[in-house]
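Coordinate analysis (summary)
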Amino acid sequence: MNTVDHALLDGVLAHQLRPLAKTITLIESQREDHRARAHTLLEALLPHTGSAIRIGISGVPGVGKSTFIEAFGLYLIEQGLRVAVLAVDPSSNLSGGSILGDKTRMELLSREPAAFIRPSPSAGSLGGVAEKTREAMLVCEASGFDVIVVETVGVGQSETAVAGMTDLFCLLQLPNAGDELQAIKKGVMELAGLIIINKADISLAAAQTACSHIRTALRMLRPMSPNWPVPVLTLSALQKDGIAEFWDTVKRYRDTMTASGEFAARRKHQAATWMWELIDASLKHRFHQHPRVRAELPGFTAAVEEGRVTPSAAARELLGFLNG
Ligand code: GDP
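Just so you know, these numbers come straight off a predicted model, no measurement behind them. (Residues numbered from 1 in each chain as written. Predicted model: local features only at pLDDT ≥ 70, side-chain atom pairs only at ≥ 80, totals over all residues. Heavy atoms only, no water.)

As for the packing of aromatic side chains
We apply this condition: Two rings belonging to Phe, Tyr or Trp (six-membered ring only in the last case) form a pair when the distance between their centres is within 6.5 Å. Interplanar angles under 30 degrees mark stacking, angles over 60 mark edge-to-face geometry, and anything in between is tilted. Under the DSSP-based scheme used, a helix requires at least four consecutive residues in state H or I and a strand at least two consecutive residues in state E, with every element numbered from the N terminus. Exposure categories follow from relative accessible area, calculated using a 1.4 Å probe and restricted to protein chains: below 20% of the type maximum is buried, above 50% is exposed, and the middle band is partly exposed. Ring-over charges, as used throughout, are those where CZ of Arg or NZ of Lys falls within 6 Å of the ring centre and within 35 degrees of the ring normal.
In total, this model carries seven aromatic pairs according to the counting rule given. Aromatic side chains F68 and F72 sit 5.9 Å apart centroid to centroid with 5° between the ring planes, which places their arrangement in the stacked category. Of this pair, F68 and F72 both sit in helix α4 (residues 65-78), separated by four residues, roughly a single helical turn. Both residues of the pair, F68 and F72, count as buried. Ring geometry for F72 against F246: centres 4.9 Å apart, planes inclined by 85°, an arrangement best described as edge-to-face. Of this pair, F72 sits in helix α4 while F246 is found in helix α11 (residues 243-260), placing the two residues 174 residues apart along the sequence. Cluster of aromatic residues (ring-pair linked, three or more members): F68, F72, F246 and W247. Sitting over the face of the ring of F145, R82 holds its NZ or CZ atom 4.0 Å from the ring centroid.

Examining the packing of helix α3 (residues 32-45) against helix α7 (residues 131-142)
To keep it simple, the criterion reads: As a rule, the C-alpha atoms of each element are fitted with a line to give its axis, helices using only the stretch in contact, and angles between N-to-C directions run from 0 to 180 degrees. Reported orientations rely on four angle classes, namely roughly parallel under 35 degrees, roughly antiparallel over 145, roughly perpendicular from 65 to 115, and oblique for the rest. Here a crossing is called left-handed whenever its near helix is offset anticlockwise from the far helix by less than a right angle, and right-handed whenever the offset is clockwise. Here, two residues are considered to be in contact whenever any of their heavy atoms come within 4.5 Å of each other.
With their axes 10 Å apart at the nearest point, α3 and α7 run at an angle of 45° to one another. Classed by the angle they form, the pair α3 and α7 counts as oblique. Seen along the crossing, α3 lies across α7 with a hand that is left-handed. Side by side, α3 and α7 meet where R35, H39, L42 and L45 of the first sit next to E131, K132, E135, L138, V139 and A142 of the second.

Notes on the pairing of strand β4 (residues 147-153)
As a reminder, the rule being used: Only when DSSP finds a minimum of two bridges between them are two strands counted as paired.
β4 sits mainly inside the fold: seven of its seven residues count as buried. Here β4 shows no split at all, with V147, V149, E151 and V153 on one side and I148, V150 and T152 on the other all buried. In the sheet, strand β1 (residues 53-59) pairs with β4 via seven bridges, with the strands oriented parallel. Residue pairing for β4: G59 is matched across the bridge by V153. Relative to β4, strand β2 (residues 83-88) runs parallel, the two being bridged by six bridges. Pairing of V88 across the sheet is with T152, part of β4.

Observations concerning the site of the ligand
How we decide: Residue proximity to a molecule or strand is established when one non-hydrogen atom of the residue lies within 4 Å of it. Polar contacts, as counted here, are pairs of nitrogen or oxygen atoms within 3.5 Å of one another; within protein the pair requires one atom able to donate a hydrogen and one able to accept it, and residues that are adjacent in sequence qualify only if both atoms are side-chain atoms. For the area figures, the Shrake-Rupley method with a 1.4 Å probe applies, and any residue is considered shielded solely by the protein chains shown. Each residue is assigned to one class: nonpolar for Ala, Val, Leu, Ile, Met, Phe, Trp, Tyr, Cys and Pro, charged for Asp, Glu, Lys and Arg, and polar for all the others, Gly among them.
In the region of the ligand, 16 residues are neighbours, and G62, K65, T67, R105 and D201 sit closest. A distance of 3.0 Å separates an oxygen atom of the ligand from a polar atom in the backbone of G64. Separating an oxygen atom of the ligand from a side-chain N or O atom of T67 is a distance of 2.5 Å. Alone, the ligand offers 580 Å² of accessible surface; in the complex the protein occludes 72% of this. Its residues assigned to classes, the shell around the ligand shows six nonpolar, six polar and four charged.

The following block contains the structure:
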């Protein structure tokens, strides 16, 4: 058992940004000893988590996510709140670079002492791209942030991952005809508890048309909750128009879902799902790392491909090596 790193723990709990950043760096590290220290810290921080509201923000590149998050963050700070912005960036896994969470994208917000912005970790981990972000989110909560924004782009599985770690998943859309069909096709609209049509300043008429298209589209989908008809808001992130209404809607969501018990139920479900994702990932990892499996897998694969062994017999044999 590791002893807890008190300098970091106390710093995080005292709402200091440097210890917070260092703790997240520890969490993101691939080194075994760092992972062990990070786990001990997380265990110690866990009782201090849970009081922030976790908001997911998604949308295609260029829709205005960083403009929106900056305007929203600055608004929250004006209200006396503290905001942390994290990112799940599927592109960082492929390219090693990151198109999200970059500090320079939210320059004004990043200069605020009441804000913390963390780019997406670039390396993958056992639990996938979202794993480290989930842990970073808990550390931010323990450090007293009132609102955690988790940003992602509309690529791959990242939207499902972000919806699975936040209380409210918000989809940013452009006022373009046909965009809503894309979102429905990909199944993203079903994840959303709130839809925002951004850039309403360019053409209010276009934004309102998009709004009514989306409302029609939403009627065809399974509602996320009987208590929460998904609102569609028009907004201009650039002109900071609609930000207060957005925050009011988030608070109304929290109150409504808390009253119905769904807020707590969603978090419980997310925690259990997270555990299972980690179990699945680490079983798979153990399997692939096992020396006997590594030695015999190519032979079994060839035998299955050539029809000499049935897939079920091969799977049974290979899994059996784990017990040996
Ligand atoms: P992201 O890729 O989703 O993070 O999008 P950005 O926030 O970087 O915005 C992309 C471009 O759209 C930038 O040039 C922004 O200035 C612009 N933009 C963002 N929000 C609005 C808006 O509400 N109205 C207008 N007219 N432009 C916007």
